[in-house]
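So you can see what is in the structure, the chains are spelled out below.
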Amino acid sequence: MSTLQTSTTAISIQRCKLVYVNEVQQAQIQQLQALISQHNLSLELTTELITDKLTQKRRAQLSAESASALLLLDHKNQLSLLSAGLSVAPEWDKLQRRVVSAGRKTELLLQAAKLSIGSKVIDATAGFGHDSLILASTGAQVTMLEQQPLMALLLLTEQQRMSTQPNWQKLMSRLHIINTDALSYFSSLQHIQTDDSISSGATKQKVDVIYLDPMFPIDSYQDSKTGKGAKVGKQMQALHGLAQPPTLVEEQQLLQSAQSLLSNNQQQAGRVIVKRPPQAALLAQQQPTETWQNEALRFDGYFT
């Protein structure tokens, strides 16, 4: 998702329609409202009950009829995002096998991040949270930043849902979801780290890894010479309906801010890990310290 917020004006309330399918879902709707209030999401829901069958065609029709993204609470009480004619949800349970078997041999991301139990990670572009799950599978504590209130609500709802399953509870406890933009969060954390009046080690928590998966143009997935490349998944297509890729200047701000935050670690090296398609340009046109790549993905590491 978009990682930058440069405006200094007050945050406006985003209004969103929530479509639900049964009157008995009022309890679930109240839980969503409670999450919005508890986490101070700048989001206001209006609800609409629909009784016709929710086929994929009907979901696409609902999305096409709306000028903005919709939320859908289906008959299984799963919250989905309807955007750009697509219906998408985090669906963390579908990653169970991958999360259980995650390791440096199977996950290129973990080769790049080199985490251990107790490592502190910031996933500054959380999106649907799939990479955060892989990072947290190592025993690391992962702070997930998501600027879009709609996406933050999806993440919080999914965390709440998965926390009811005993075999997911420990992993869920290592995820900390915050609705904010990366630059603001980095700035506030850097202020705490450099404030001499704060002496508590518990307050001045170190950060080992900052993970960036910024949105990039859809054509970045293709080789500029051959036109070949991976197809864009429907989740990424839906995200493009909510936010735009950062400009070069914004990329430079993001990378510099992340590196600056890590440079405050006392007597400890840190690394910024950037996820890209294999053919995509370097973030902020900056050469990485090290790169890990396969046919589907590339991770660029910037060490401090």
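Residues numbered from 1 in each chain as written. Predicted model: local features only at pLDDT ≥ 70, side-chain atom pairs only at ≥ 80, totals over all residues. Heavy atoms only, no water.

Another point: the pattern of salt bridges. Per the stated rule, a full pass over the model turns up 10 salt bridges. With its nearest N and O atoms 2.9 Å apart, the salt bridge here joins K17 to E48. Taken as a pair, K17 in strand β1 (residues 14-20) and E48 in strand β2 (residues 43-49) lie far apart in primary sequence, 31 residues in all. Among the salt bridges present, the one from R298 reaches D300, with a minimum N-O distance of 3.0 Å. Exposure class is identical for R298 and D300. Each is buried. Salt bridges sharing partners connect three or more residues here, namely D93, E158 and R161. (Salt bridge = Lys/Arg side-chain N within 4 Å of Asp/Glu carboxyl O. Helix = DSSP H or I, 4+ residues; strand = E, 2+ residues; numbered from the N terminus. Buried < 20%, exposed > 50% of the residue type's maximum accessible area, 1.4 Å probe, protein only.)

This paragraph deals with helix α10 (residues 248-263). An α-helical turn contains 3.6 residues, so any two residues separated by three or four positions project in the same direction. Relative to the 22 Å expected for 16 residues at 1.5 Å per residue, α10 spans 22 Å between its end C-alpha atoms, a close match to the ideal helical length. Turning to α10, its buried residues number three or more, namely E251, L254, L255, S257, A258, L261 and L262. All buried residues of α10 fall inside an arc of 160 degrees around its axis, so they share one side. Exposed side chains of α10 directed beyond 90 degrees from the buried face belong to V249 and Q256. Against the buried residues of α10 lie β6 (120-123), α8 (182-194), β9 (209-212), β10 (271-276) and β12 (298-303). (Expected span 1.5 Å × (residues − 1). Arc of directions from axis to C-beta. Contact = heavy atoms within 4.5 Å.)

Further remarks concern the pairing of β2. Across seven bridges, β1 lies against β2 in parallel orientation. Looking at β2, one finds that R15 is bridged to E44. Chirality of the crossover, the property in question, places the unit of β1, helix α1 (residues 26-38) and β2 among those that are right-handed. (Pairing = 2+ DSSP bridges. Right-handed = clockwise from strand over helix to strand, strands pointing away.)

Moving on, we get to the confidence of the model for the protein chain. On average, residues of the protein chain score 88 in pLDDT, and 84% of them are at 70 or above. Segment residues 5-10: pLDDT under 50, and four contacts once partners within four positions in sequence are set aside and those in other chains are kept. (pLDDT = per-residue confidence, 0-100.)

Once that is clear, we can look at the packing of aromatic side chains. All told, the structure shown has two aromatic pairs when counted by the stated rule. Consider the rings of Y211 and F299, whose centres lie 6.5 Å apart with planes at 40 degrees: the pair is tilted. Of this pair, Y211 sits in strand β9 while F299 sits in strand β12, placing them 88 residues apart in sequence. In this pair, the class of Y211 matches that of F299, namely buried. Consider the rings of W292 and F303, whose centres lie 6.4 Å apart with planes at 40 degrees: the pair is tilted. With W292 in strand β11 (residues 290-293) and F303 in strand β12, this pair connects stretches of sequence that are 11 residues apart. The exposure class of F303 is partly exposed, given its relative accessible area of 29%. Positioned over the ring face of F303 is R271, at 4.1 Å from the centre of the ring. (Phe/Tyr/Trp six-rings, centres within 6.5 Å; stacked < 30°, edge-to-face > 60°. Lys NZ or Arg CZ within 6 Å of the ring centre and 35° of its normal.)

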